[in-house]
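# Analysis of the macromolecular model
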Amino acid sequence: MRLPIIASIVFSLMAASAATAGLLRLGGDVQIPIPDDWLIGSGDLELPCQLIYAGGGAEIRIFETMIAGGETIDNEASLRQAVKDVITEVIMTLPEARLITSTGLYETHRAGFVLEFSSADSASGLPLKHRLLCLLYSHPEGHQLLFTVWGKAAADLYVDIAPSIKLVQDEFVYVGEYESEVFRSNTVSVWPPALVLMMAVGLLLLVRSMRQRQQLPKQTDEHGSWRCLCGRLNGPNVAICHRCEQERPSDEIT
């Protein structure tokens, strides 16, 4: 059974608690806001880009994928099939994955979808919540551009973090060249398996990079505070993490 997709605009007004500290231009053609208490984790202002929550336990990643002219998505039926494929072949393969909402987007010049889902961290087993936005544009030169804005946070932080993730996604702007109509045909076509594969690889690489980063020895800062494997920053006199109750790791590297 196909998962129903609502073809409508779902961009909402940003929450007052997610005030911005400024705008960031990425790769020359993408503009996003930077919420307060978020830092740029990438080494430069190119795509892919990573934003990290200063308190730990959350991040936002922005990717750009070019779809060649012979593999473009030219109708809403293909987009609906894409959502189904991404859910079954990517999202549901994550540990303890559970889909929460699936919403379609169509604004004539661009289309896409938002998926909200939960999973568990593959290293620590801690519950995570995600909000994944994908936006599709058609370029005048014949190819398409797919932008993915993926926010994720520890489940116990998500209520506080969600307004910042939604702000970055809702105010994402592509300022490069694009066609006035994203779909070029009304005929039904098969969703390109290559694009689903690219998205799957991107998601799995991100999961792996987060796991590797979590497994690095955690050092104390100049004030003696320490960051747990789950991302929580704890005080210098705390021996057990307030979030996950793991013991403070040793700073010795053997």
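Presented here is an overview of the structure given in this document. Not measured: the values here are computed from a predicted model.

### A word on the pairing of strand S2 (residues 30-35)
- Among the six residues of S2, five are classified as buried, and the element is accordingly described as predominantly covered.
- Pairing of S2 with strand S10 (residues 173-174), which is carried by two bridges, proceeds in the antiparallel orientation. Bridge pairing links Val30 to Tyr174 in S10.

### Here we look at the sheet that holds strand S4 (residues 49-53)
- If you walk across this open sheet you meet the seven strands as S3-S4-S5-S9-S8-S7-S6, and the pairing is antiparallel. Looking at the sheet topology across the chains shown, the edges are occupied by strand S3 (38-40) and strand S6 (98-106). Across this sheet, the average inter-strand angle for adjacent strands is 15 degrees, counted without regard to direction.
- Two strands pair when backbone bridges link them, and S4 and strand S5 (residues 58-67) are joined in this way by four bridges, in the antiparallel orientation. If you follow Leu51 over to S5, its bridge partner there is Ile60.
- Sheet strands touched by helix H1 (residues 76-89): S6 and strand S7 (111-120). Its angle to S7, the strand with the most contacts, is close to 15 degrees.

### What about helix H2 (residues 158-170)?
- Its 13 residues give H2 an end-to-end C-alpha distance of 17 Å, which sits within 8% of 18 Å, the value for a rise of 1.5 Å per residue.
- Among the 13 residues that make up H2, ten are buried, leaving the element largely enclosed by the rest of the structure.
- For H2, every residue scored as buried is listed here: Tyr158, Ile161, Ala162, Pro163, Ser164, Ile165, Leu167, Val168, Gln169 and Asp170.

### Regarding the pairing of strand S9 (residues 144-154)
- Most of S9 is tucked away: eleven of the eleven residues are buried.
- Connecting strand S8 (residues 127-138) to the next strand, S9, in antiparallel fashion are five residues, including Gly142 with a positive phi near 110 degrees.

### Points about unusual backbone geometry
- Here the amide bond leading from Leu47 into Pro48 is cis, since omega sits at 0 degrees, within 30 degrees of zero.
- Examined against the element boundaries, Pro48 turns out to sit in the loop between S3 and S4.
- In this model, Glu96 sits at a positive phi of 55 degrees, which is unusual for a non-glycine residue.
- Along the chain, the position of Glu96 falls in the loop between H1 and S6.
- Even without glycine at this site, Thr108 takes up a positive phi of about 65 degrees.
- The class for Thr108 is partly exposed, based on a relative accessible area of 38%.

### Observations regarding the environment of Arg80
- Position of Arg80 among the secondary structure elements: in helix H1.
- Here the alpha-carbon distance between Arg80 and Phe113, two residues 33 residues apart in the chain, equals 9.1 Å.

### What to know about the side chain of Glu59
- On the secondary structure map, Glu59 appears in strand S5.
- The class of Glu59 is buried, set by a relative accessible area of 2%.
- At a separation of 2.4 Å, a polar atom in the side chain of Glu59 contacts the side chain of Gln50.

### Comments concerning the nonpolar core
- Ile32, Ile60 and Phe172 are the most contacted members of the largest nonpolar core, which totals 29 residues.
- Of all the elements in the fold, those that place two or more residues in this core are strand S1 (20-26), S2, S4, S5, S8, S9 and H2.
- Apart from residues lying up to four places away in sequence, Ile32 is in contact with Gly22, Leu23, Leu24, Leu26, Leu51, Ile62, Val168, Glu171 and Phe172.
- By size, the runner-up hydrophobic cluster in this structure holds 21 residues, among which are Ile73, Ile87, Ala111 and Leu146.

### A closer look at the packing of aromatic side chains
- For the structure shown, the criterion picks out eight aromatic pairs.
- Judged by centre distance (5.6 Å) and plane angle (50 degrees), the ring pair of Trp38 and Tyr53 falls under tilted. Placement of the pair is Trp38 in strand S3 and Tyr53 in strand S4, with a sequence separation of 15 residues.
- The class of Tyr53 is partly exposed, set by a relative accessible area of 24%.
- Ring geometry for Tyr137 and Tyr178: centres 5.5 Å apart, planes at 55 degrees, overall tilted. Residue Tyr137 is found in strand S8, and its partner Tyr178 is found in the loop between S10 and helix H3 (193-215); the two are separated by 41 residues along the sequence.

Definitions and limits used
- Residues numbered from 1 in each chain as written.
- Predicted model: local features only at pLDDT ≥ 70, side-chain atom pairs only at ≥ 80, totals over all residues.
- Heavy atoms only, no water.
- Buried < 20%, exposed > 50% of the residue type's maximum accessible area, 1.4 Å probe, protein only.
- Helix = DSSP H or I, 4+ residues; strand = E, 2+ residues; numbered from the N terminus.
- Pairing = 2+ DSSP bridges.
- Axes fitted to C-alpha atoms, helices over the stretch in contact; angles between N-to-C directions.
- Contact = heavy atoms within 4.5 Å.
- Expected span 1.5 Å × (residues − 1).
- Polar contact = N/O pair within 3.5 Å; in protein donor to acceptor, adjacent residues only side chain to side chain.
- Core = buried A, V, L, I, M, F, W, Y, C linked by side-chain atoms within 4.5 Å.
- Phe/Tyr/Trp six-rings, centres within 6.5 Å; stacked < 30°, edge-to-face > 60°.

Geometry only, nothing functional implied.
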